[in-house]
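Residues per chain, in single letters:
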Amino acid sequence: MTNFDRVRTSELPTCSAQLVLSAEHLLKAPLSDLLAELDVTLDESSITDPSFTGAAVVTRDRVILSMRPDQPDCERDAVARALLGHVLDVPLSPLPEPYRMSEV
């Protein structure tokens, strides 16, 4: 893997806990490559409401991105990267309105 730095974090799965992406790599790498490098699963959600753009679920051993099935590719790409940045503590500019991050 390239463009990674070691970090300390206890909330993330073991595979992701030791590495975090640089902002440049997070934003420039092809999304499919990024997901493979981090062993992140991207699943289609059963939520079809257009106001739902995605969620990141962090379990003991993995990160799962759940995205709306009919989501435009450009939105899916931007939201997936923003969610990954959030869970991996990569400093990024906030998404534009109407997007917002919430934790539950």
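Scoring rules and cut-offs
- Residues numbered from 1 in each chain as written.
- Predicted model: local features only at pLDDT ≥ 70, side-chain atom pairs only at ≥ 80, totals over all residues.
- Heavy atoms only, no water.
- Buried < 20%, exposed > 50% of the residue type's maximum accessible area, 1.4 Å probe, protein only.
- Helix = DSSP H or I, 4+ residues; strand = E, 2+ residues; numbered from the N terminus.
- Arc of directions from axis to C-beta.
- Pairing = 2+ DSSP bridges.
- Axes fitted to C-alpha atoms, helices over the stretch in contact; angles between N-to-C directions.
- Core = buried A, V, L, I, M, F, W, Y, C linked by side-chain atoms within 4.5 Å.
- Contact = heavy atoms within 4.5 Å.
- Polar contact = N/O pair within 3.5 Å; in protein donor to acceptor, adjacent residues only side chain to side chain.
- Parallel < 35°, antiparallel > 145°, perpendicular 65-115°, else oblique.
- Left-handed = near helix turned anticlockwise from the far one by under 90°.
- Nonpolar A, V, L, I, M, F, W, Y, C, P; charged D, E, K, R; others polar.

Some points on helix H3 (residues 31–38)
Within the span of H3, buried status applies to Leu-31, Leu-34, Leu-35 and Leu-38. Projected down its long axis, H3 shows its buried positions confined to an angular sector of 95 degrees, all on one face. For H3, exposure combined with an orientation more than 90 degrees from the buried face picks out Ser-32 and Ala-36. Where H3 terminates, the next one or two residues include Asp-39, which has phi positive at roughly 55 degrees.

Quick notes on the sheet that holds strand E4 (residues 55–58)
Spatially, the 3 strands line up as an open sheet ordered E3-E5-E4, and their pairing is mixed. Sheet topology places strand E3 (41–44) and E4 at the edges, where each strand pairs with a single neighbour. The average undirected angle you get between the axes of adjacent strands in this sheet is 25 degrees.

Section: the nonpolar core
Residues Leu-21, Leu-34, Val-40, Leu-65 and Leu-84 are the most contacted members of the largest nonpolar core, which totals 18 residues. Elements with a minimum of two residues in this core: H3, strand E5 (63–67) and helix H4 (73–87). Looking at this core, the element that brings in the most residues is H4, giving 5 residues. Beyond its immediate sequence surroundings of up to four residues, Leu-65 is in contact with Leu-35, Val-40, Thr-41, Leu-42, Asp-43, Ala-55, Ala-56, Ala-80, Leu-83 and Leu-84.

Remarks on the side chain of His-25
Mapped onto the secondary structure, His-25 falls in helix H2 (residues 23–28). With a relative accessible area of 9%, His-25 lands in the buried category. Within the structure, the side chain of His-25 is placed 2.7 Å from the side chain of Glu-37, a separation counted as a polar contact.

Details of the environment of Ala-80
The topology assignment puts Ala-80 in helix H4. As for Ala-80 and Met-67, which are separated by 13 residues in sequence, their C-alpha atoms are 8.1 Å apart.

Focus on the side chain of Ser-45
Here Ser-45 shows up in the loop between E3 and E4. The exposure class of Ser-45 is buried, given its relative accessible area of 10%. Leave out the neighbours within four places in its chain, and Ser-45 touches Phe-52, Ser-66, Met-67, Arg-68 and Pro-69.

Some thoughts on the packing of H3 against H4
One way to put it is that H3 packs onto H4 with a least axis distance of 11 Å and a crossing angle of 30 degrees. The angle between H3 and H4 falls in the class roughly parallel. When you trace H3 past H4, the crossing you get is left-handed. Residues Leu-31, Leu-34, Leu-35 and Leu-38 of H3 lie in contact with H4, whose contacting residues are Asp-77, Ala-80, Arg-81 and Leu-84. Split into classes, the residues belonging to the contact of H3 with H4 amount to 6 nonpolar, no polar and 2 charged.

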